[in-house]
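Residue-level structure breakdown
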Protein chains: 2
Amino acid sequence: MSKRHNTTLKELALALNLSISTVSRALNDHPDINEKTKENVKKLARQMNYSPNLFARSFRSQKTNIIGVIVPNISHYFTSTILKGILEEAEIQGYRVIISESNNSEAKQTEMLNTMTQFGVDGILMSLARKTSKVDDVLRTLSRAPIVLFDKVSQKIPCTQVVINEEEAAFNAVEHLIELGKERIAIIKETENSYNSEKRYAGYLRALEHHGIRIREKIILSTEDISLIHGRRLTNILLSMKKRPDAIFAITDDAAIGAIKALNKFKIKIPEEIAVVGFSNSASSKIIQPELTTVDQPGDKIGRTAVKYLIDEIDSPSNNIVTKTVEIKTTLVVRDSSLRA
Amino acid sequence: MSKRHNTTLKELALALNLSISTVSRALNDHPDINEKTKENVKKLARQMNYSPNLFARSFRSQKTNIIGVIVPNISHYFTSTILKGILEEAEIQGYRVIISESNNSEAKQTEMLNTMTQFGVDGILMSLARKTSKVDDVLRTLSRAPIVLFDKVSQKIPCTQVVINEEEAAFNAVEHLIELGKERIAIIKETENSYNSEKRYAGYLRALEHHGIRIREKIILSTEDISLIHGRRLTNILLSMKKRPDAIFAITDDAAIGAIKALNKFKIKIPEEIAVVGFSNSASSKIIQPELTTVDQPGDKIGRTAVKYLIDEIDSPSNNIVTKTVEIKTTLVVRDSSLRA
DNA sequence: AACGTTACCGCAAACGTTTGCGTGTCATAT
DNA sequence: ATATGACACGCAAACGTTTGCGGTAACGTT
């Protein structure tokens, strides 16, 4: 078995005593070709294990059937579920996927964008690096290939954006706490004005207002890095207050778990004294004791719909590109950290 | 700005009044070309924002600079850290990465293999689907492109395999328990004879023997699906025994966490009554209470070395392919679940 | 003056595929 | 008999790049 040889159209043509073009058309079911001939060609193609040289093909057709994906961090659980969805849907639609990480670096991100367009991907799926400010890089590539944003998006970029119903999800989460009888509900959010944080905060405010609960600035806490450590840190601050909150809504599972760890340390009863709700339904939310109530974000669905919209763009490029937001529904998963006793 | 136009060598040649070949050579620093000419060409190339059509290039050179990666499940944390390493190293070496999931289905796996070779990847990185029996599919593709296996490997496939020092890692983990004074150490492993499970079990046995501890068949438990649920289930079985073990070595963090959950439920003191050690240093191992002692597997390093070996194969294909195992060192991360009081 | 060498550069082929256009054959209609 | 059309197929160009080979001019050597 020779190490490296693919049968070509030429070889098939030679063997069948036909022209290359006829063989090509036969394999592509072109109406000009006789049925009998098609059969013969296809049969021999199978026998000789023919498969078209995809590079020659995309070289000619200027279509690669590859979509590029750029995410901040592939190891983030939620991200990886989105990737799962992307891979599945892309395969169904006959596309291959090349993935790269921006590591939350804007420079890396634009570098990846350039690499991808240079490579000739048909379209790009992207979740923005934190603090993406210079969107002009993105805009430039937008003129060369369609882009669909997901999760970490920016309204400054005129393209379709697939996100979850952040505001509503947060509203539901907070409302759930209110229905539990809580009325002094703290929130742990990001200082940076990220799309996600903003929306969730808005949902928090709307829920309080809707239920006529006073908004207390003191228990609205922000942190640069919304992680377990800072969740714990901010919770300790909350615990040091004269009047403690009776619930904590953390904008992120990590922060929520940090909160629980802090509460556990002081043997504060969850949810009786302080209830906790997170956001993401990460794997860890089922590990922590008590298990965490959280918002489930259907990552695979996000990935799939993002792919669908992108391929739509690829197939029929709309010259009037415009910001279009697609929202995926989330559901609140109620667990022990906010369960009615 | 036109939606889709890349400057070509021809355009550069036309503008410079040179031949296409000269322009090509100038850009590739061919010695035949005058320095001054090179400068001019490169300058204009920058100005006109030239970038070579990679498809034309790989179409001609029969080299794609793409490596394909097949993993069972991209959302598995350990896997994603390996992918991280793969992406980093590949980028450094100027390769692009296309990723696909086998979902632990052997059929899907061979399908992906075919797609990849058809696509013309320069090499394949792969972690085998569970219960991969018909390795002849893999062998067939092995004749078309180099393969390097990692994590889930099989000695039946003659290629280089990048794994961790499974046996030694398990030995160290169990020895750690022994040094803690434990001597009735249970193990939770897989029923299936996977490479990983076998090796870890061997390390367990060797540690016991080395310290003159009797091997008790009763506390050697196996399960088909080594998950949290079954870790909990098997731990309940251990707890129902007349003479309980004083430590549990779970071959997987998930199972170990299941064990801890079971122990917590019965308020059994960890590690005083029963210590627990897991395997993987997953994110969850720091979430569970008490935090889990576990074996840290440096995923990124595994990914990087796998890429290095693969590119070696690509650059200088060895016709005498042979099984070669590369072991990456692990370290034991000691946490509360096995801390000396 | 004849020749060899060197430095630069262009011609043209090749990679495998798709596709517009042309061509031949045959049957049917006029 | 000629015109018309349908049918089936081949020719050749094109996509952008790389590269072996050949060519030309200039210069140095004998």
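Residues numbered from 1 in each chain as written. Chains lettered and ligands numbered in written order. Predicted model: local features only at pLDDT ≥ 70, side-chain atom pairs only at ≥ 80, totals over all residues. Heavy atoms only, no water.

Under the UniProt annotation, the feature "domain: HTH lacI-type" (unreviewed entry) is placed at residues 7-61 of chain A. The span residues 7-61 of chain A is 67% helical and 0% strand by assignment, and the distance between its end C-alpha atoms comes to 20 Å. (UniProt positions renumbered as here; feature names shortened; annotations may be inferred. Helix = DSSP H or I, 4+ residues; strand = E, 2+ residues; numbered from the N terminus.)

This next bit is on the protein's contact with DNA strand C. Of all residues adjacent to DNA strand C, which total 26 residues, the nearest are Leu9, Tyr50 and Arg60 of chain A together with Thr22 and Arg25 of chain B. In DNA strand C, atoms within 4 Å of the protein come from the sugar-phosphate backbone in 54% of cases. Here a base nitrogen of DNA strand C and a side-chain polar atom of Ser21 of chain B are 2.9 Å apart. One of the side-chain N or O atoms of Thr37 of chain B is found 3.0 Å from a phosphate oxygen in DNA strand C. (Near = heavy atom within 4 Å. Polar contact = N/O pair within 3.5 Å; in protein donor to acceptor, adjacent residues only side chain to side chain.)

Residue and element names in this part refer to chain B. Taken across its five residues, strand 5 (residues 160-164) has five buried, putting it largely inside the fold. The alternating pattern of strand 5 places Thr160, Val162 and Ile164 and Gln161 and Val163 on opposite faces, both of which are buried. Relative to strand 5, strand 4 (residues 147-150) is paired through three bridges, and the arrangement is parallel. Pairing of Phe150 across the sheet is with Val162, part of strand 5. As paired elements, strand 5 and strand 11 (residues 324-328) share five bridges and run parallel to each other. Counted as the bridge partner of Val162 is Val326 from strand 11. (Buried < 20%, exposed > 50% of the residue type's maximum accessible area, 1.4 Å probe, protein only. Pairing = 2+ DSSP bridges.)

Attention now moves to the pairing of strand 8 (residues 247-250) of chain A. Residue and element names in this part refer to chain A. Taking every second residue as pointing to the same face, both faces of strand 8 are buried, with Ala247 and Phe249 on one and Ile248 and Ala250 on the other. Relative to strand 8, strand 6 (residues 185-190) is paired through four bridges, and the arrangement is parallel. For Ile188, the partnering residue across the bridge sits in strand 8 and is Ala250. Where strand 8 lies against strand 9 (residues 275-277), three bridges are found, and the strand directions are parallel. Within strand 9, the position partnered with Phe249 by the bridge is Val277. Taking the sense of rotation as the criterion, the β-α-β connection linking strand 8, helix 11 (residues 253-265) and strand 9 turns out right-handed. (Right-handed = clockwise from strand over helix to strand, strands pointing away.)

Let us now look at the nonpolar core. By size, the foremost hydrophobic cluster in this structure holds 94 residues, and its most contacted members are Leu125 and Phe249 of chain A together with Leu125 and Phe249 of chain B. Sequence-distant contacts of Leu125 of chain A, defined by excluding residues within four places in its chain, comprise Ile67, Gly68, Val69, Ile70, Ile86, Val148, Phe150, Ala306, Val307 and Leu310 of chain A. Listed in part, the 50 residues of the second largest apolar core include Leu221, Ile257 and Ile288 of chain A together with Leu263 of chain B. (Core = buried A, V, L, I, M, F, W, Y, C linked by side-chain atoms within 4.5 Å. Contact = heavy atoms within 4.5 Å.)

A few words now on the relation of the copies chain A and chain B. Mapping chain A onto chain B is achieved by rotating through 180° and translating by 0.0 Å along the same axis, at an RMSD of 0.1 Å. In short, the pair behaves as if placed about a two-fold rotation axis. When C-alpha distances to the rotation axis are compared across chain A, the minimum falls at Ile98 of chain A, with a value of 2.2 Å. Both copies present the same face, since 100% of the interface residues in chain A are matched by interface residues at the equivalent positions in chain B. (Least-squares fit on C-alpha atoms with pLDDT ≥ 70 in both.)

On to the protein's contact with DNA strand D, then. Surrounding DNA strand D, one finds 27 residues, the nearest of these being Thr22 and Arg25 of chain A together with Leu9, Tyr50 and Arg60 of chain B. Take the atoms of DNA strand D that sit within 4 Å of the protein: sugar and phosphate atoms are 55% of them. Interatomic distance of 2.6 Å between a side-chain N/O atom of Arg25 of chain A and a base oxygen of DNA strand D. Mapped by element, the contributors of at least two residues to the surface near DNA strand D are helix 2 (20-27) and helix 4 (54-61) of chain A together with helix 2 (20-27) and helix 4 (54-61) of chain B. Among the residues forming the surface near DNA strand D, the class breakdown is nine nonpolar, 12 polar and six charged. (Nonpolar A, V, L, I, M, F, W, Y, C, P; charged D, E, K, R; others polar.)

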